[in-house]
Amino acid sequence: MATAILDLEISKLPPEITVEERYSKALILIRLHGKPIGQALLPVVGGRFGGDELRETLMNAAGDNLWKNWLYDTLEWDERGPVEALPLATVVVCTRDRPEDLRRCLDALMLLPDDGQEYLVIDNCPATEASSELVKNYPKIRYVREDLAGESAARNRALREAKHEFVAFTDDDAAPDPNWLRSLLWNFSDPRVMCVTGLVMPLELETEAQEWFERYSPHGRGYERRVVDGAYCNPLIIAPVGVSASMALRKSLIDYIGLFDEALGVGTPAKCGSDSELFSRILRSGYRIVYEPRALSWHRHRRTWEELRNLLRCYGIGVYAFWTRMFVINKEFSVPLLAWGWLYYKQIPELFASLRNQPGCIPSDLLLAQMRGCISGPMAYFSSRKRLQEVKGEVNRF
């Protein structure tokens, strides 16, 4: 059965909560004075729950984070430091032939407080005019078409088109929270911070595929703000950093470390990995990335099993394409040990557990799809680089 998604303020809980009877569980985002501080998964019986037991359950789920944030609010202290005025930003949505998702995303962006931000939609190699026609309904949004395939090409175009120093990216299948942009920008007071990522929660858990994605590969990275410093971490391990579905960058990073690698990412043979590679390059250069859970966005996970299986295969390709790039271009010779550790300590044990039908194990077809992607990753990267060189060579001829 499906899982209801609820967003509750713990200081103002209703006496009773009602959901549709088709839901057997509820995934609850817990807020304190608007700030996300934790989550809880609760059973639902007869479509109703609430009362003092709910409050106690949510307090236990939030744990120490509840009391820490309560103390910060009481003392009026902010760990991000003082900000006199938030900088101006460009908000970017990169899209390709998903007008239903794009409409939901743009509707959410129109609910952001107006701080003078610019809005861009980068339409990457569209097959139809649906996205461009849709954007005409949003006077605040500028539409730009990018005909070089791949999310990296789209993001690079956005960085070149952006009028402001800070550029916030959201995926077309995400719906940012009204406080999303302000929460991202607040963290750039430190000049060493080149990138800020945010918390990503599931927009819906209506299908088995969405349930398994959230269980196996969630986009959220917890409820503690985290500063990842390139001087003190392994730049190849970027999972704690966050995801690019909720991300802001300094435009000036182009001058310091360059643009996204256009041989990586969705829309290329490498499938994904462009954000991982950029995060790694930021950290290798000694800069910082901040994970900020207050920068909340809601993501629509893939709804069908076939889509989920294909997505995990693409993730496998992308990770190994990224590692191949780091090994070949950046001479990171620890990559084989990292790949072996992932296989030996995570993938093989998970596969054995699945084949033995152990409780709670990941379905074997998902694990095998990811492993097949990993095997294909290195060649996918070389194929993608060759294709990119051929395309740009053709462009230069004209």
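Small disclaimer: the values here were computed from a predicted structure and weren't measured.

What counts and how
- Residues numbered from 1 in each chain as written.
- Predicted model: local features only at pLDDT ≥ 70, side-chain atom pairs only at ≥ 80, totals over all residues.
- Heavy atoms only, no water.
- Helix = DSSP H or I, 4+ residues; strand = E, 2+ residues; numbered from the N terminus.
- Rg over C-alpha atoms; globule rule 2.2 N^0.38 Å.
- Buried < 20%, exposed > 50% of the residue type's maximum accessible area, 1.4 Å probe, protein only.
- Areas by Shrake-Rupley, 256 points an atom, 1.4 Å probe, with all protein chains shown as cover.
- Lys, Arg positive; Asp, Glu negative; His and termini not counted.
- Charge placed at Lys NZ, Arg CZ, Asp CG, Glu CD.
- Core = buried A, V, L, I, M, F, W, Y, C linked by side-chain atoms within 4.5 Å.
- Pairing = 2+ DSSP bridges.
- Right-handed = clockwise from strand over helix to strand, strands pointing away.
- Polar contact = N/O pair within 3.5 Å; in protein donor to acceptor, adjacent residues only side chain to side chain.
- Contact = heavy atoms within 4.5 Å.
- Axes fitted to C-alpha atoms, helices over the stretch in contact; angles between N-to-C directions.
- Patch = residues over 30% accessible without salt bridge, like charges linked within 9 Å, V, L, I, M, F, W, Y side chains within 5 Å.
- Salt bridge = Lys/Arg side-chain N within 4 Å of Asp/Glu carboxyl O.
- Left-handed = near helix turned anticlockwise from the far one by under 90°.
- Nonpolar A, V, L, I, M, F, W, Y, C, P; charged D, E, K, R; others polar.

**Student:** Sorry, what's going on with the overall build of the chain here?
**Tutor:** For the chain, the helix and strand inventory stands at twelve helices and 14 strands. For the chain, whose C-alpha radius of gyration is 21 Å, the value lies close to the compact-globule estimate of 21 Å for 398 residues. Projecting the C-alpha coordinates of the chain onto the three principal axes gives extents of approximately 70 × 55 × 45 Å. Out of the 398 residues belonging to the chain, those deemed buried represent 54%. A total of about 18300 Å² of accessible surface is found on the chain, and carbon and sulfur atoms cover 55% of it. Averaging the locations of the 49 positively and 54 negatively charged side chains of the chain gives two centres separated by 5 Å.

**Student:** What exactly am I supposed to notice about the nonpolar core here?
**Tutor:** Core analysis: the largest hydrophobic core is formed by 35 residues, its most contacted members being Val-92, Phe-169 and Leu-249. Ranked by size, the runner-up nonpolar core spans 26 residues in total, among them Val-93, Tyr-138, Ile-141 and Phe-188.

**Student:** Whenever I open this one, the pairing of strand β6 (residues 89-95) confuses me. Can you help?
**Tutor:** Each regular strand shows side chains that alternate between the opposite faces of the sheet. Within β6, seven of the seven residues are buried, leaving the element largely enclosed by the surrounding structure. In β6, alternate side chains face the same way, and those of Ala-89, Val-91, Val-93 and Thr-95 on one face and Thr-90, Val-92 and Cys-94 on the other are all buried. In this sheet, strand β9 (residues 166-171) lies alongside β6 in parallel orientation, the contact comprising six bridges. Bridge pairing in β9 links Thr-90 to Val-167. Across six bridges, the pairing between β6 and strand β7 (residues 118-124) is parallel. By the bridge assignment, Thr-95 is partnered in β7 with Asp-123. Taking the sense of rotation as the criterion, the β-α-β connection linking β6, helix α3 (residues 99-109) and β7 turns out right-handed.

**Student:** Help me out: how do you make sense of the side chain of Ser-244 in this one?
**Tutor:** Take Ser-244: it is sitting in the loop between β12 (226-229) and β13 (246-250). According to the relative accessible area criterion, Ser-244 is buried, its value standing at 6%. One polar contact links Ser-244 to Arg-155, side chain to side chain, over a distance of 2.9 Å. Other than its neighbours up to four places away in sequence, Ser-244 contacts Arg-155, Phe-169, Asp-171, Asp-275 and Phe-279.

**Student:** Just checking my understanding: could you explain the environment of Asp-101 for this structure?
**Tutor:** For Asp-101, the location among the structural elements is in helix α3. Between the C-alpha atoms of Asp-101 and Tyr-344, which are 243 residues apart in sequence, the distance is 38 Å. Setting aside residues no more than four positions away along its own chain, Asp-101 makes contact with Asp-172, Asp-173 and Arg-300.

**Student:** What am I meant to see in the sheet that holds strand β1 (residues 2-9) here?
**Tutor:** Hydrogen bonds between backbone groups are what pair the strands of a sheet, and the pairing can be parallel or antiparallel. An order of β1-β3-β4 is seen for the three strands of this open sheet, with the pairing classed as mixed. For this open sheet the edge positions go to β1 and β4 (35-43), each flanked by a neighbour on one side alone. Direction aside, neighbouring strands of the sheet carry axes that sit 20 degrees apart on average. The pairing of β1 with strand β3 (residues 23-32) spans eight bridges and is parallel. When the bridges of β3 are listed, Ala-4 appears paired with Ala-26.

**Student:** I keep staring at a nonpolar patch on the surface and nothing clicks. Help me out?
**Tutor:** Among the surface-exposed residues, Phe-327, Val-328, Ile-329, Phe-333, Met-379 and Phe-382 lie close enough to one another that they form a single nonpolar patch of about 570 Å² accessible area. Contributing elements (two or more residues each) for the nonpolar patch: α10 (305-328) and α12 (364-397). Within the element layout of this structure, Phe-382 appears in helix α12. Relative accessible area serves as the criterion here: at 37%, Phe-382 is assigned to the partly exposed category.

**Student:** Help me understand the pattern of salt bridges in this model?
**Tutor:** Any two side chains of opposite charge can pair, given that their charged atoms come close. Under the counting rule described, the total for this entry stands at 41 salt bridges. Salt-bridge contacts for Arg-145 lead to Glu-129; the nearest nitrogen and oxygen are separated by 3.7 Å. Remark: Glu-129 occurs in the loop between β7 and α4 (130-135) and Arg-145 occurs in strand β8 (residues 141-146); sequence separation between them is 16 residues. Under the relative-accessibility criterion, Glu-129 is labelled partly exposed at 46%.

**Student:** Just to check I follow, could you spell out the packing of helix α9 (residues 274-284) against α10 for this structure?
**Tutor:** Orientation of α9 relative to α10, taken along the N-to-C sense of each, is 35 degrees, at an axis distance of 9 Å. For α9 against α10, the interelement crossing comes out right-handed. Counted together, Ser-276, Glu-277, Ser-280 and Arg-284 of α9 and Phe-322, Arg-325 and Met-326 of α10 form the full contact between these two elements. Considering only residue class, the contact of α9 with α10 consists of two nonpolar, two polar and three charged.

**Student:** Would you take a moment to explain the pairing of β7 for this structure?
**Tutor:** Taking burial as the measure, the seven residues of β7 include seven buried ones, the bulk of the element. Covered by surrounding structure in β7 are Glu-118, Leu-120, Ile-122 and Asn-124 together with Tyr-119, Val-121 and Asp-123, the residues of both alternating faces. Sheet topology places β7 next to β8; six bridges connect them, and they run parallel. The partner of Leu-120 across the bridge, within β8, is Arg-142. Since β7 and β8 lie parallel, the crossover through α4 that links them has a hand, and here it is right-handed.

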